[in-house]
Amino acid sequence: MTKTMSASKPQESGEVRLGHSLNKKEEEFVARRKNTVLQCLQKFNIHCSQDKVPNIALLGSGGGQRAMVALLECLVQIDKAGLLDCFLYLSGVSGSTWCMASLYKEPNWSTKLETVKENIIKRLGGPGVSWDDKSAKLKKYYMKDFFSLTDLWAVLFVTSYVKEIDEQTLTDQRDQHNEDPYPIYAVIDKQCKRREEGDPWFEISPHEAGYSLTGAFVDTCDFGSQFDNGLKKKHQDEMDMLYLQAMCSSALADGEATWKWIKAISVPEIKSVLDKMDQGKDHTGGNASKTTQEPVGEDECYQELLNPVDADPSALEQSSKTKLTDFFRGQRQFGQTADKHKKTARCITQRIWGRNYNFLHNMTDESVPAALLQKETRDLIDAGLLINSPYLSMLRKERNIDLFIALDFSDGDPFTTVREAAKTCKKLNIPFPEVNVPSDEGKKPKDFYVFKGQNVPTVIHMPLFNVVNCGDKPGDWRKKYGILKGPYSAEMITEVMGVAGKNISNNIEKLLEEIRAVAEAK
């Protein structure tokens, strides 16, 4: 039986919606936005009727802070050219979602983008988040039913780059962006990716969160709550924007890189946050002089976790069990709050990222892959670990996208993402153009590519670093601005934004040409 949400009060429904149609609120938003798109096209003498307005989506790839600042400048240049109102959707993965979160915290950001940009750049150049604030935030995250490395990633990593703790939620923003493109954040289901079964493509918008291709959704404010057989059983607070950014950018969530990150941030750095959470508490049960036995030390416990970086995780968990048990028993003996240490150790040893309740748990519906129905929890991670752009979520038939403008900020081969998208679409029988690129352009790409065909969307692919704006060595630029480099200096931010801006300003006429072509074809 298909369960549907109440259109009048979707935020209170507490039900799973099965079906491929768009959420009613998204449909209403898109209908209004098309009026804006139509008016924008008319300014460029591109004429079409109301029901033939082309659906255009701007996609931002992953790429850490490089993607964040590059996407920002691309949008600024698009706005200066008068084209920003042509876009129906703005969607991103990983680092591009950092930019999106910064934009959408400001109501109707596209009407004052230059000012919004200045404020973002000023924040990125500021002092950042204090350890006291990080500790207070982590303490809040520990109160959730599921604590994972994504929470640590949010507090220790993401805040170091975005320089803020954004506690807004997506549903807070529902009625604040009538002048902006509709935002969609994309992640993937880790279990589906690893086992190559089910539907890995998961999208999150201000109105719904769920599996894009399966057609299974819940209201965004209910995502993370516990469900049973399609109905909400236990409410959990909606995730905030900091956590959403961390989930979208959890680039180390699927492999040995997890251990390398844990080691890189070091034992003292984790301890620093945990210790601050304990400050001001009486850890001795009332009188320190009465203690007669020392608990196993945190240094020893964490070093046991961190030393064998390349060890098999199951073996590591077994070898650590004795010392971890002794450590936590010692914490309890001396009146200390050990729960946070337990949760931290568990998610480290088991490499748990992005764990949330599975809203499809215990449902029985043939339209949903069996793999998605069984477990009580699902782990959601960075979509860039599968395809580093949100193509698959945006390719839902009901969105009917005519033109993708894909800004690629990836590491490595600048065509991997679009090729993988084409390969996956072919496998799933989703319309997508063939991607043919001269072999000699892999290391020295141009700045503008168009892929098109019959009865498929047109795809414009724009690599960030290319021979037009970087000379003969775009690879050197990718290395200089690697994804896991430390937070960029003001000079580095300016340089990346300069390169990104040229990609747009140099190609405005080409963009207009392709927009005109899809409008005429429709």
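Residues numbered from 1 in each chain as written. Predicted model: local features only at pLDDT ≥ 70, side-chain atom pairs only at ≥ 80, totals over all residues. Heavy atoms only, no water.

The name recorded for the protein chain in an unreviewed UniProt entry is PLA2c domain-containing protein, from Cyprinus carpio.

Chemist: Just checking my understanding: could you explain empty space enclosed by the protein for this structure?
Modeler: To locate leftover empty space, one rolls a probe as large as a water molecule over the atoms. Counted according to the given criterion, the structure contains five cavities of 30 Å³ or more. Of the volumes computed, that of the largest cavity is approximately 60 Å³. In terms of lining residues, the largest cavity is bounded by F29, Q173, R174, H177, Y182, P183, P206 and H207. A breakdown of the residues in the lining of the largest cavity according to their chemical character gives four nonpolar, three polar and one charged. What the second largest cavity holds in volume is close to 40 Å³. Lining the second largest cavity we find F202, Y211, F223, N356, Y357, N358, F359, R378 and L380. Secondary structure elements with two or more residues in the lining of the second largest cavity: β10 (355-357) and β11 (377-382). (1 Å grid on protein atoms, 1.4 Å probe; cavity = no way out; pocket = protein on both sides within 12 Å on 5 of 7 lines; lining within 4 Å. Points joined across faces, edges and corners; volume = space filled by probe spheres on them. Nonpolar A, V, L, I, M, F, W, Y, C, P; charged D, E, K, R; others polar. Helix = DSSP H or I, 4+ residues; strand = E, 2+ residues; numbered from the N terminus.)

Chemist: For this particular structure, what's the right way to read the environment of C347?
Modeler: Position of C347 among the secondary structure elements: in helix α13 (residues 339-349). In sequence terms C347 and T150 are 197 residues apart; their C-alpha atoms lie 9.3 Å from each other. Sequence-distant contacts of C347, defined by excluding residues within four places in its chain, comprise F147, S148, L149 and I352. (Contact = heavy atoms within 4.5 Å.)

Chemist: How should I be thinking about the layout of surface pockets in this particular structure?
Modeler: A volume near 680 Å³ is recorded for the largest pocket. Taken together, 28 residues make up the lining of the largest pocket; nearest its centre are N400, I401, P431, N455 and P457. A per-element tally of the lining of the largest pocket places helix α19 (residues 508-521) first, with four residues. Per-class residue counts for the lining of the largest pocket are 13 nonpolar, eight polar and seven charged.

Chemist: Before we go on, may I ask you to explain the environment of Y357 in this structure?
Modeler: Within the secondary structure layout, Y357 lies in strand β10. On a C-alpha basis, the gap between Y357 and T377 in space is 4.4 Å, while along the polypeptide they are 20 residues apart. Polar contacts involving the side chain of Y357 include one to the side chain of D145, which spans 2.6 Å. (Polar contact = N/O pair within 3.5 Å; in protein donor to acceptor, adjacent residues only side chain to side chain.)

Chemist: Please explain the pattern of salt bridges as it appears in this structure.
Modeler: Oppositely charged side chains are able to pair whenever their charged atoms sit close together. All chains considered together, the criterion is met by 26 salt bridges. K137 is paired through a salt bridge with D240; the nearest N and O atoms lie 2.4 Å apart. With a gap of 103 residues between them, K137 in helix α5 (residues 131-142) and D240 in the loop between β9 (231-234) and α8 (241-248) connect regions that are remote in the sequence. In this structure, K137 and D240 share a single accessibility class: buried. (Salt bridge = Lys/Arg side-chain N within 4 Å of Asp/Glu carboxyl O. Buried < 20%, exposed > 50% of the residue type's maximum accessible area, 1.4 Å probe, protein only.)

Chemist: Hey, could you run me through the confidence of the model for the protein chain in this one?
Modeler: Atomic detail in the predicted coordinates should be set aside for any region of low pLDDT. Of all residues in the protein chain, 80% attain a pLDDT of 70 or more, and the chain-wide mean is 84. Within the model, the stretch residues 1-11 combines pLDDT values under 50 with 29 contacts to residues more than four positions away or in other chains. Segment residues 280-337 is flagged for pLDDT under 50; beyond a separation of four residues in sequence, or across chains, it makes 80 contacts in the model. (pLDDT = per-residue confidence, 0-100.)

Chemist: Got a minute to help me understand helix α6 (residues 149-162) in this structure?
Modeler: Think of an α-helix as 3.6 residues a turn; residues three or four steps apart then line up on the same face. Taking 1.5 Å as the rise per residue, α6 with 14 residues should run 20 Å; its terminal C-alpha atoms sit 18 Å apart, in good agreement. V155 marks where α6 bends most, by close to 30°. Within α6, 13 of the 14 residues are buried, which leaves it mostly tucked inside the rest of the structure. A positive phi of about 60° marks K163, the residue just after α6. (Expected span 1.5 Å × (residues − 1). Bend = angle between axes of the 7 residues up to and from the residue.)

Chemist: Just checking my understanding: could you explain the side chain of T159 for this structure?
Modeler: By the secondary structure assignment, T159 is in helix α6. Here V155 takes part through its backbone oxygen, which lies 2.5 Å from a polar atom of the side chain of T159. Other than its neighbours up to four places away in sequence, T159 contacts V129, K134, A154, E164, I165 and L242.

Chemist: Help me out: how do you make sense of the packing of aromatic side chains in this one?
Modeler: For any pair of aromatic rings, the description rests on two quantities: the centre-to-centre distance and the angle between the ring planes. Following the criterion strictly, the structure yields 24 aromatic pairs and no others. Relative to F451, the ring of Y449 lies with its centre 6.4 Å away and its plane at 10°, an arrangement referred to as stacked. Relative accessible area serves as the criterion here: at 8%, Y449 is assigned to the buried category. Aromatic ring contacts, followed pair by pair, group W98, W153, F157, Y161 and W353 into a single cluster. Positioned above the aromatic ring of W131, the side-chain terminus of K134 is 4.6 Å from the ring centre. (Phe/Tyr/Trp six-rings, centres within 6.5 Å; stacked < 30°, edge-to-face > 60°. Lys NZ or Arg CZ within 6 Å of the ring centre and 35° of its normal.)

Chemist: Where do I start with the pairing of strand β4 (residues 182-189) in this structure?
Modeler: Where a strand is regular, its side chains alternate between the two sheet faces. Taking burial as the measure, the eight residues of β4 include eight buried ones, the bulk of the element. Pairing of strand β3 (residues 89-92) with β4 involves four bridges; the strand directions are parallel. The partner of L90 across the bridge, within β4, is P183. (Pairing = 2+ DSSP bridges.)

Chemist: When you look at the pairing of strand β7 (residues 216-219) in this model, what are you seeing that I'm missing?
Modeler: Pairing analysis gives two bridges linking strand β1 (residues 17-18) to β7, with the strands arranged antiparallel. Its bridge partner lying in β7, R17 is registered against F217. With four bridges joining them, strand β6 (residues 208-211) and β7 adopt antiparallel strand pairing. Within β7, the position partnered with G210 by the bridge is F217. Taking the residues between adjacent antiparallel strands as the criterion, β6 and β7 are bridged by four residues, where G215 takes a positive phi near 80°.

Chemist: Got a minute to help me understand the packing of helix α2 (residues 64-80) against helix α18 (residues 490-505) in this structure?
Modeler: Between two packed helices, the angle of one axis relative to the other and the distance separating the axes together describe the packing. In contact at an axis separation of 8 Å, α2 and α18 are set at 45° when each is read in the N-to-C sense. When the axes of α2 and α18 are compared, the pair comes out oblique. The element α2 and its partner α18 pack so that their crossing is right-handed. When α2 is examined against α18, the residues Q65, R66, V69, A70, L72, E73, C74, Q77 and I78 are found in contact with a partner set consisting of I493, V496, M497, A500, G501, I504 and S505. Split into classes, the residues belonging to the contact of α2 with α18 amount to 10 nonpolar, four polar and two charged. (Axes fitted to C-alpha atoms, helices over the stretch in contact; angles between N-to-C directions. Parallel < 35°, antiparallel > 145°, perpendicular 65-115°, else oblique. Left-handed = near helix turned anticlockwise from the far one by under 90°.)

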